[in-house]
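Topology and contacts: notes
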Amino acid sequence: YNVYPQLEWIPNTGLSVIRGYVVNQDLTVKIRNFDKIPQVLQMVGDLNLNQEGGLTFAVDEPETYRQKARLEALGQAKTKAQALAQAAGVGLGRVVSFSEGDAYGGPVPYYAMKETAMDGRGGGAPAPSIEPGSQEVVVNVTVTYELE
């Protein structure tokens, strides 16, 4: 959490006085059941919490999916190299070098909020709808083969 003073400037004096303090507290919630997201967001409004944001989606244990993508990428690289070697009339030899990079990124969540109470505190509004999407794990490989 963060605490900082709420200042009031005194006109024509260049001075300010502390009128109170503002406290901000951040909380991270992990929801594994996609269908529960609207209920959790509704609860945030019902509790009169005045800010919410940073809704993100992530994959649990992403390395499992990266390894699968890695093996698939290496297989695709070998298939392409074999086709190119055959077209060139040469044989494909051993792997000389390889490298990998990933392009891991998550989807941007889209949700629609219904209008809230006019006092800006929320509450009473229907839960936002969260649209399901997909998460991609991408691994790029570069493989250098010896030609025979």
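Criteria and cut-off values
- Residues numbered from 1 in each chain as written.
- Predicted model: local features only at pLDDT ≥ 70, side-chain atom pairs only at ≥ 80, totals over all residues.
- Heavy atoms only, no water.
- Helix = DSSP H or I, 4+ residues; strand = E, 2+ residues; numbered from the N terminus.
- Buried < 20%, exposed > 50% of the residue type's maximum accessible area, 1.4 Å probe, protein only.
- Contact = heavy atoms within 4.5 Å.
- Areas by Shrake-Rupley, 256 points an atom, 1.4 Å probe, with all protein chains shown as cover.
- Salt bridge = Lys/Arg side-chain N within 4 Å of Asp/Glu carboxyl O.
- Expected span 1.5 Å × (residues − 1).
- Patch = residues over 30% accessible without salt bridge, like charges linked within 9 Å, V, L, I, M, F, W, Y side chains within 5 Å.
- pLDDT = per-residue confidence, 0-100.
- Arc of directions from axis to C-beta.

1. A word on the overall build of the protein chain
Helices and strands together make up the secondary structure of the protein chain, namely 2 helices and 6 strands. Counted from the first residue to the last, the protein chain has its helices and strands arranged as β-β-α-α-β-β-β-β. Counting the 148 residues in the protein chain, one finds 16% classified as buried. Here the contacts in the protein chain between residues at least 6 apart in sequence split such that 64% fall between residues at least 24 apart. For the protein chain, the accessible area works out to roughly 11700 Å², and carbon and sulfur atoms hold 53% of it.

2. Topic: the pattern of salt bridges
For the coordinates displayed, the defined rule picks out 7 salt bridges. Its salt-bridge partner being aspartate 60, residue lysine 30 comes within 3.1 Å of it at the nearest N-O pair. Within this pair, whereas lysine 30 is found in the loop between β2 (15-24) and α1 (37-46), its partner aspartate 60 is found in the loop between α1 and α2 (62-88), the two being separated by 30 residues in sequence. Residue classification places lysine 30 among the exposed residues on the basis of a relative accessible area of 58%. Judged by relative accessible area, aspartate 60 falls into the partly exposed class, the value being 36%. Ionic pairing is found between glutamate 100 and arginine 70, a salt bridge with its closest N-O pair at 2.8 Å. Placement of the pair is glutamate 100 in strand β3 (residues 92-102) and arginine 70 in helix α2, with a sequence separation of 30 residues. One network of salt bridges, with partners in common, ties together Glu63, Arg66, Arg70 and Glu100.

3. Quick look at α2
In a regular helix each residue adds 1.5 Å, so 27 residues correspond to 39 Å; α2 covers 39 Å between its end C-alpha atoms and thus fits that length. Following α2 by one or two positions, glycine 89 has its phi on the positive side, about 75°.

4. As for a nonpolar patch on the surface
On the surface, Tyr1, Val3, Leu7, Trp9, Ile18, Tyr21 and Val23 cluster together to form a nonpolar patch covering roughly 850 Å² of accessible area. Elements with a minimum of two residues in the nonpolar patch: β1 (2-10) and β2.

5. Side note on unusual backbone geometry
What you tend to see is this: most non-glycine residues have negative phi, and most peptide bonds are trans. Of note in this structure, asparagine 12 is not a glycine but carries a positive phi near 65°. The phi angle at glutamate 61 is positive, at roughly 50°, despite the residue not being glycine. For glutamate 61, the location among the structural elements is in the loop between α1 and α2.

6. A closer look at the confidence of the model for the protein chain
Do not read the predicted coordinates in detail wherever pLDDT is low. When the pLDDT values of the protein chain are averaged, the result is 79; 77% of them are 70 or greater. Below a pLDDT of 50 lies the segment residues 105-123, which in the model reaches 32 contacts outside its immediate sequence neighbourhood of four places, other chains included.

7. Some remarks on the environment of leucine 55
Relative to the helices and strands, leucine 55 is located in the loop between α1 and α2. Assessed through its relative accessible area of 25%, leucine 55 is described here as partly exposed. Counting along the chain gives 26 residues from leucine 55 to valine 29, while the straight-line C-alpha distance between them is 9.7 Å.

8. Describing α1
When we look at burial in α1, the residues that qualify are Ile37, Leu41, Gln42, Val44 and Gly45. Buried residues in α1, looked at end-on, bunch into an arc of 150°, giving them a common side. Downstream of α1 by a residue or two, asparagine 48 has a phi angle that is positive, lying close to 60°.

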